Amino acid sequence: MKLTDTREIKADPKVVWDAILNPEVLKACIPGCESMSGSVAEGYEAVVKQKVGPVSATFTGLVQLSDIVEGRSLRISGEGKGGVAGFAKGGANVAFEPIEGGTRLTYEAEANVGGKIAQLGSRIIDSFAKKLADEFFARFQAAVEEPEPEPEPEHVTEEAVADSGEKKKGWFKRLIG
Amino acid sequence: MPKDHGIGASSKRREDVRFLTGRGVYTDDMALHGQTYAVFVRSTVAHGRIKSIKTANAAGMPGVLAVFTGEDFKDVGGNPAGWLINSRDGTPMREPKRPVLAYSKVRHVGDAYAAVVAETYAQARDAAEQLAADSEIEELPAIIDMKAAVADPSNRVHDEIPDNLCFDWGWIEDNRAAVDAAMKAAPHVVTLELVNNRLVPNAMEPRASIGEYNPGTGDYKLTTTSQNPHLTRLLVAAFVLGIPENKLQVVAPDVGGGFGSKIYHYGEEALVLAAAKKLGRPVRWTAERSESFLTDAHGRDHVTKIELGCTKDGQILAIRTETLANVGAYLSNFSTATPTFLHGTLMAGPYKVPHVYVNVKTVFTNTAPVDAYRGAGRPEATYSLERVIDKMCRELNLDPFEVRRKNLLTPDQFPYTTPVGLVYDTGNYQATLDRVMAMADVAGFEKRAAESKKRGKLRGMGLSTWIEACGIAPSHLVGVLGSRVGLYDAATVRVNATGNISVMTGAHSHGQGHETVFAQIVAEKLGIPESSVEIVHGDTAKIPFGMGSYGSRSLAVCGTAMAKAVDKIIAKGKKIAAHMLEASEGDITFENGKFQVAGTDKAKTFGEIAFSAYVPHNYPLETLEPGLEETAFYDPANFTYPAGAYICEVEVDEGTGKVDVVAFHCADDFGNVMNPMIVEGQVHGGVGQGIGQALCEFTAYDETGQLLTGSYMDYPMPRAEDVPFYNVDYSCQTPCTHNPLGVKGCGEAGAIGSPPAVVNAVIDALHRGGHTHVTHIDMPVSPSRVWSAING
């Protein structure tokens, strides 16, 4: 399946670009991410916990940034194995362009799953993938924007709130600013 | 007054006592001393190259006794295809090896590439999970869509098969030009493209196998969910593992449904045997439901273009079809016969059609293997034919009943040689058509439709006729058609000293009711109570030989073998009676359980004869052997050809697209009927499965080859509310001319005849509702498809 969406982020393109290359930001933005280590060049080893329909699994896998065009676009892709639960993989081509008052972020994401997740959860895969993508970029937006005033991210789940959510809103900006 | 005993009685199914009280014994019920558990490691990708499998971690885990990978079975035989099909150009089909465990490549999601055996199921499962984590499989692009598979030679399911084609079959190739010419000359040509949807068999009992090996004797035993233990023995012993047939016993105990999926030998059976030998302990495996979805041989999956040439008044002149048939990743045992000789040979239906040509291309894809499923090829032929005839009636504004009647063969035309290679021995297709029309009250339809309309529903009526070639046998015929096995059957009738009887039959009952019906036949022939007859099946150590149960063959072929063995018992009994009564053998008659000297009151009962056979105190041993046991092998002269006509009435909700089957009428000709209740049950089950195919069931693979309908959350089986009360009739009987029981077989009928009746009814309802732009909807005719069709 393919998903596309656009977000307008109230932050400078340079801030947004630096954030996406920052592993701490990635870790905080990937829903269910329990640990992540590595570098932009070599990719990140990540452990992500997710529940798809009736199947919960801990995925271990690689998150990579590629096709990097400085300040303009890149591709984030990930592939994780969840043992008998199967596997999940996906990616997003992300583009950044400056707009008045901030940055327009456009993404085209795709996701595939295999194994038990596909057999048991197929009806909800599409909505699940959309939820994940929305959540990732909502968290990312929250991380880079000024702490106030702006609306709540739209699709933040309970886990997301518990993990990082609104408490970390704007934290990246504060960190570097 | 209906009979309450013997042939024609609705004797209650004796097997139901144990089934309904939880006392059936299925493979998984058997607990064995020292047993161990096998769990398979299955591919999660549809197509991949196995780069490495590190077994050390799994092998060292608690309780793990052995780890197997494809490499361990690389040098044993492959699981073979049972029929050789030649392509139109005369070249033989491509037969890639189907290994016990995949090596070098995995070819569908669920393809097993390793296995673990451990002391407990949980330990085996844990280790299998570890093994999956320690396996590196490079995912390759999946080949799922048949048209794309054939079009793109660069991507191959089997590296050695460039276009993913198994064969390109023409039937009958020599007639092709004549059919093309007839089609060209026809005043009207109807064309229809349709999909016969892939089905998951969904037997209630998942597959299960237990392997045993006795190092003291070198004997193997396989207990397995099989429809045909002897065939499994042949395949696993002679073809795969190289075990002498006499050292392998195969037992198929109570089996909870098969529908075709348990005909075939599967790699798990070979694995548990090889593992049992290695460990010297029993090794067992029972499929999870998910494994059944992924690995049981699926059914159907044809994409067909059918053309029908006719006169403007509906006389059929020519039929031509082009079909892509999916065989999946490997050739299952009957997978090459199902889309060809069980499909193309039936394309004339019960009609007099001068010109018929069938082309079938079978295609390898990265999906589960596809093979025979209840009806096997014949539902696909019937669906194509009855849908295109229905379309012809709409295009030419003709009455569907009259068009069928006009084209049906008439009783005086039998035996009839079809243009697709069969000889129908007998039938009366007008009779079943008349019967079903009376049952369905066709004349009263408009009134019912008006009543439905008041409730906001569109009512439609659909007709289909059907015929099948079943009683799958004659060896000489199937041999000509490419079968690598003979198809006949065998039975032993053993009369015990006290006069009761054990019948060892080559049929296998996995729900059909053989134990009841076969006993009725023996009891009738010998004039003894049914309760004196026990039917033994499903064990190669007990039964003489048998090709098993499928293709509606149990009664027509296995039952006839049994009847012939009973005839031999009677002949032997006459000899014994002649001796005991001091009469000439030729003067002995046998009737109502009594051997009698004709014209006298000198007689011996069957029980007395039996006892004497085992207490032969004064036998003339040079001319009379003690004992009373006979075996017969029976290979019939022809297939049997049951046929019938079905009418379905549906109500369609225009707002939601939901289809309700509100009435279903079946008039079938099964020849002589042995047990009416069981025949009705078989028709009910078959029609239920057909309605399931027509309305609900759909097997969806995504473009990467993931099975999206891999559980009952997404694979809808028909439920009680989806089916109506069936109206079943079998009073039109033209007994089969070449078996002594005059029977034709009823097991597959419902699944063959019902899908087109349902779809024809839905199209009829839509046309009556003014949606005349809808000429076809592919199965399953789900609410979303109907709604989309209505709203164009």
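Thresholds, definitions, all that
Residues numbered from 1 in each chain as written. Chains lettered and ligands numbered in written order. Predicted model: local features only at pLDDT ≥ 70, side-chain atom pairs only at ≥ 80, totals over all residues. Contact = placed C-beta atoms within 7 Å. Helix = DSSP H or I, 4+ residues; strand = E, 2+ residues; numbered from the N terminus. Domains from an automatic or database assignment. Pairing = 2+ DSSP bridges. Axes fitted to C-alpha atoms, helices over the stretch in contact; angles between N-to-C directions. Core = buried A, V, L, I, M, F, W, Y, C linked by C-beta atoms within 7 Å. Buried ≥ 20, exposed ≤ 12 C-beta atoms within 10 Å, placed from the backbone. Left-handed = near helix turned anticlockwise from the far one by under 90°. Nonpolar A, V, L, I, M, F, W, Y, C, P; charged D, E, K, R; others polar. Parallel < 35°, antiparallel > 145°, perpendicular 65-115°, else oblique. Expected span 1.5 Å × (residues − 1).

Colleague: Please explain the interface of chain B and chain A as it appears in this structure.
Modeller: Put simply, an interface is often sized by how much accessible area is lost when its parts join up. Contact with chain B, which involves 16 residues of that partner, is made by 15 residues of chain A. For the side of chain B that touches chain A, the secondary-structure elements that each account for two or more residues are α3 (121-133) and α8 (289-295) of chain B.

Colleague: Honestly, the domain arrangement of chain B in this entry has me stumped. Any pointers?
Modeller: Residue and element names in this part refer to chain B. Domain parsing of chain B yields domain 1 (18-140 + 204-257 + 262-295), domain 2 (302-473 + 638-790) and domain 3 (488-634). Between the C-alpha centres of domain 1 and domain 3 there is a distance of 39 Å. In this assembly, 16 residues from domain 1 lie in contact with 14 residues from domain 3. Of all the secondary structure elements, the ones that give two or more residues to the side of domain 1 that touches domain 3 are α6 (229-241) and β11 (248-251).

Colleague: Whenever I open this one, the sheet that holds strand β5 (residues 112-118) of chain B confuses me. Can you help?
Modeller: Through backbone hydrogen bonds, the strands of a sheet pair up, either in parallel or in antiparallel fashion. All names here are of chain B. The strand order across the open sheet formed by seven strands is β3-β5-β1-β12-β9-β10-β11, and the pairing between neighbours is mixed. What marks the edges here is a single partner per strand, and that holds for β3 (64-69) and β11. Averaged over all pairs of adjacent strands, the angle between their axes in this sheet comes to 20°, without regard to strand direction. In this sheet, strand β12 (residues 283-286) lies alongside strand β1 (residues 36-42) in parallel orientation, the contact comprising two bridges. Its bridge partner lying in β12, Tyr37 is registered against Arg284. Against the sheet, α3 engages β1, β3 and β5, with an angle of about 25° to β1. Packing of helix α7 (residues 267-279) onto the sheet brings it into contact with β1, β3, β5, β9 (208-214), β10 (219-224) and β12, and relative to β9 it is tilted by some 30°.

Colleague: Teacher, can you tell me more about the nonpolar core here?
Modeller: Nonpolar side chains tend to gather and get buried jointly when the protein is soluble and globular. Core analysis: the biggest nonpolar cluster contains 291 residues, and B:Ala38, B:Ala115, B:Val116, B:Val522, B:Met562, B:Val758 and B:Val762 have the highest contact counts within it. Sort the elements by how many residues they give to this core and helix α3 (residues 116-144) of chain A lands first, with 14 residues. Excluding its chain neighbours within four sequence positions, the residues that come into contact with B:Val522 are B:Ile501, B:Val503, B:Val533, B:Met562 and B:Val566.

Colleague: Which parts of the structure should I look at to understand the environment of B:Phe639?
Modeller: Residue and element names in this part refer to chain B. Locating Phe639 in the fold gives a position in the loop between β25 (629-634) and β26 (643-652). In sequence terms Phe639 and Lys744 are 105 residues apart; their C-alpha atoms lie 8.6 Å from each other. Ignoring sequence-local partners within four residues, the contact set of Phe639 consists of Leu422, Ala469, Cys470, Gly471 and Pro474.

Colleague: Help me understand the packing of helix α14 (residues 514-526) of chain B against helix α15 (residues 554-581) of chain B, please; the structure alone is not making it clear to me.
Modeller: When two helices pack together, their arrangement is given by the angle between the helix axes and by the axis-to-axis distance. All names here are of chain B. At their nearest, the axes of α14 and α15 sit 10 Å apart, and the two run at 35° to each other. Crossing geometry of α14 relative to α15 is assigned as right-handed. Contacts between α14 and α15 involve His514, Val517, Phe518, Ile521, Val522, Lys525 and Leu526 from the first element and Ser554, Leu555, Gly559, Met562, Ala563 and Val566 from the second. Its residues placed into classes, the contact of α14 with α15 shows nine nonpolar, three polar and one charged.

Colleague: Please explain the packing of helix α9 (residues 378-396) of chain B against helix α18 (residues 749-768) of chain B as it appears in this structure.
Modeller: Residue and element names in this part refer to chain B. Closest axis-to-axis distance for the α9/α18 pair is 8 Å, and the angle between their directions is 25°. Taken together, the axes of α9 and α18 are roughly parallel relative to one another. With respect to the hand of their crossing, α9 and α18 are arranged in right-handed fashion. Taken together, the residues of α18 that come into contact with α9 (itself represented by Arg378, Pro379, Thr382, Tyr383, Glu386, Arg387, Asp390 and Arg394) are Ala751, Ile752, Gly753, Pro755, Pro756, Val759, Asn760, Ile763 and His767. Residues of the contact of α9 with α18, tallied by class, amount to eight nonpolar, four polar and five charged.

Colleague: How do you make sense of α14(B) when you look at a structure like this?
Modeller: In an α-helix, one turn spans 3.6 residues, which is why side chains three or four residues apart end up on the same side. Residues and elements named next belong to chain B. Look at α14: 18 Å from first C-alpha to last across 13 residues, which is about the 18 Å you get at 1.5 Å a residue. In terms of residue burial, α14 counts as a mostly covered element, since 12 of its 13 residues are buried. Residues of α14 that are buried: His514, Glu515, Thr516, Val517, Phe518, Ala519, Gln520, Ile521, Val522, Ala523, Lys525 and Leu526. Check the buried side of α14 and you find it contacts α1 (15-20), β20 (501-505), β21 (533-536), α15, α16 (606-614) and α17 (676-696).

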